[in-house]
Amino acid sequence: MKYGSNNYLFADGEEPKIMGLISEGEIRAIHLLSNPSQVGNIYRGYVKNVLPAMDCAFVDFGEDENGYLPMKNVYPKAYREKIKGGDSIIVEVKKSPLDQKRAVLSMDYSLRGENIVLLPKSSGIRISKRIDDGEIRKRLTDWAHGLNASAGMIIRTEAASCQPAHMAMEYEHLRQLMEKIEGSVNFLPKSQLLLTQDRGMDVLNRHRDLPMVVNDKKLIDRLPNYLNCVVDPSFSIRSTAKWRSQWNSIFQKTLPLPSGGNVVMDAAEGAYVADVNMAAVKKKGSFDAMRMKVNREAAKEIAKQIHLRNLSGMIVVDFVHGMSEAQMEDLTTFMKEALSEDAMITTVYGFSAMGLFEIARERKELPFEQQFQVAEERHREAVKNKLKRDKEL
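To start, this report covers the structure provided alongside it. Nothing here was measured: the structure is a model prediction, and the numbers come from that model.

Parameters and conventions
Residues numbered from 1 in each chain as written. Predicted model: local features only at pLDDT ≥ 70, side-chain atom pairs only at ≥ 80, totals over all residues. Heavy atoms only, no water. Axes fitted to C-alpha atoms, helices over the stretch in contact; angles between N-to-C directions. Helix = DSSP H or I, 4+ residues; strand = E, 2+ residues; numbered from the N terminus. Parallel < 35°, antiparallel > 145°, perpendicular 65-115°, else oblique. Left-handed = near helix turned anticlockwise from the far one by under 90°. Contact = heavy atoms within 4.5 Å. Nonpolar A, V, L, I, M, F, W, Y, C, P; charged D, E, K, R; others polar. Buried < 20%, exposed > 50% of the residue type's maximum accessible area, 1.4 Å probe, protein only. Pairing = 2+ DSSP bridges. Phe/Tyr/Trp six-rings, centres within 6.5 Å; stacked < 30°, edge-to-face > 60°. Patch = residues over 30% accessible without salt bridge, like charges linked within 9 Å, V, L, I, M, F, W, Y side chains within 5 Å. Areas by Shrake-Rupley, 256 points an atom, 1.4 Å probe, with all protein chains shown as cover. Salt bridge = Lys/Arg side-chain N within 4 Å of Asp/Glu carboxyl O. Lys, Arg positive; Asp, Glu negative; His and termini not counted. Charge placed at Lys NZ, Arg CZ, Asp CG, Glu CD. Expected span 1.5 Å × (residues − 1).

As for the packing of helix α5 (residues 287–309) against helix α6 (residues 325–338)
At a minimum axis distance of 9 Å, the contact between α5 and α6 shows a crossing angle of 20 degrees. Considered as vectors, α5 and α6 are oriented roughly parallel to each other. Read as a crossing pair, α5 and α6 show a hand that is right-handed. Where α5 approaches α6, its residues D288, M292, N295, R296, A299, K300, I302 and A303 are matched on the opposing element by Q327, D330, L331, F334, M335 and A338. For the contact of α5 with α6, the residue count by class is eight nonpolar, two polar and four charged.

A few points about the pairing of strand β1 (residues 7–12)
Counting buried residues in β1 gives five out of six residues, a clear majority hidden from the surface. One ladder, built from six bridges, connects β1 with strand β2 (residues 18–23); its direction is antiparallel. Within β2, the position partnered with L9 by the bridge is L21. Looking at chain direction, β1 and strand β14 (residues 211–214) are connected through three bridges and run parallel. Among the inter-strand pairings, F10 is bridged to a residue of β14, identified as V213.

Notes on the packing of aromatic side chains
This model, assessed by the stated rule, comprises 12 aromatic pairs. Pairing Y43 with F61 gives two aromatic rings, centres 4.9 Å apart and planes at 90 degrees, and the pair type is edge-to-face. One end of the pair, Y43, is in strand β4 (residues 42–51); the other, F61, is in the loop between β5 (56–60) and β6 (67–70), and 18 residues separate them in sequence. According to the relative accessible area criterion, F61 is buried, its value standing at 1%. Between F251 and F368, the ring centres sit 6.3 Å apart and the planes meet at 40 degrees, which makes this aromatic pair tilted. With a gap of 117 residues between them, F251 in the loop between α4 (241–249) and β16 (254–256) and F368 in helix α7 (residues 368–392) connect regions that are remote in the sequence. For F251, a relative accessible area of 28% translates into the label partly exposed.

Topic: the pairing of strand β20 (residues 346–351)
Of the strand pairs in this sheet, β20 and strand β21 (residues 357–361) are connected by five bridges, and their pairing is antiparallel. Counterpart to V348 in the pairing with β21 is I359. In textbook terms, the turn of a hairpin is the stretch between consecutive antiparallel strands, and for β20 and β21 this stretch comprises five residues, one of which, G355, has a positive phi near 85 degrees.

Re a positive patch on the surface
On the surface, K72, K95, K101 and R363 cluster together to form a positively charged patch. Counting through the fold element by element, K72 comes out in the loop between β6 and β7 (88–95).

What to know about α7
Relative to the 36 Å expected for 25 residues at 1.5 Å per residue, α7 spans 36 Å between its end C-alpha atoms, a close match to the ideal helical length. Along α7, the residues classified as buried are F368, Q371, F372 and A375.

Notes on the pattern of salt bridges
A complete count under the given rule lists 15 salt bridges for this structure. For the salt bridge of R238 with E14, the shortest nitrogen-to-oxygen distance reads 3.9 Å. Separated by 224 residues along the polypeptide, R238 in the loop between β15 (228–231) and α4 and E14 in the loop between β1 and β2 bring together distant segments of the chain. Several salt bridges share partner residues, and in doing so they unite D12, E14 and R238 into one network.

Some details on helix α1 (residues 134–145)
Owing to its 3.6 residues per turn, the α-helix aligns residues three or four sequence positions apart on the same side. In this model, α1 (12 residues) spans 16 Å end to end at C-alpha, consistent with the 16 Å of a helix rising 1.5 Å per residue. Looking at the buried side of α1, the elements it contacts are β10 (116–119), β11 (125–127), β12 (152–155) and α2 (164–183).

Structural notes on the sheet that holds β12
Taking strand neighbours across the sheet as the criterion, the four strands line up as β9-β10-β12-β11 in an open arrangement whose pairing is mixed. Of all strands in the sheet, those with a lone pairing partner are β9 (111–112) and β11, marking the two edges. Of the strand pairs in this sheet, β11 and β12 are connected by three bridges, and their pairing is parallel. Within β12, the position partnered with I125 by the bridge is M153. Across the face of the sheet, α1 comes into contact with β10, β11 and β12 while running at roughly 155 degrees to β11. Across the sheet, α2 lies against β9, β10 and β12, angled at about 30 degrees from β10, the strand it touches most.

Right, here's the structure in full:
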């Protein structure tokens, strides 16, 4: 336990800068430290035009292209009949621009804390389904009702073990943030980024009690003050042999399995495909047992890669065929459990009539590989421009 724990956060200062979570010797989460994704960001914008025939409006929110605001995302509901061009509004980006599609916006924005998600345009209290203890659910519900809050609220899983005093402080912080955002709706400029909420920061919030390993002291100023940072210049996800293979696996097409099999992951039109192969499996024991072992290893690796690569949309897995109904049910349960902690909405459909395993995962932003490629290109351009300026001087 080099850093006092087998579980720790990290920030790697090599360009493009990345951060993530390591647990029991495996990379469990990884994000760009400067994520270009707009998802979760809250903006002040103004309505450019309303198109009743398309049941939507287009909003200038300060980015290159106007955002798409479906009428079902306009809140409060009574405002749907009154919204007009020129109106100043607060919006959250729900989906990044993808290919030729514009960013999808919603006026039902959320303010995320460690234990609470505040919903300024909603009402009611929702408790995480992962809190299954009846007494804890009642305690949290009573606490939330005692606030007499005008906004809606989601109480996250982490709140189950949180002290009421800490939750009260967090709620007050989010309430003040809400009032500041709502109060700025008519400020100038009309379109402006008000708050950044990326998934990488969510990881830091959820695991704030873990040590944070950084290899560059300058990174500490870019991280939240509550983190316990440990500086280790020798740490590197991309260069150290201990982590390099795991890092490379995020970009590899063929992934080896411990038993000798492999998974081939590829992008198809509108979907991702994972093909499980027996490959060089050593024949020990019954073929049925070997097949199930390979399929379970593949299921674990695929669930891990879906999360690390941030794959979304339809994901189809072609496991090694010939399993019994009980084995397929067991594998379906295994995959559901492996994907249950995913921050994105993920639906495991299980095996189709054709024997293919189907998963649908919420699409909000680009896959990590594409995000990383964009960041690399921006870094290269920045270096070229700096060299050009230095040469001119």
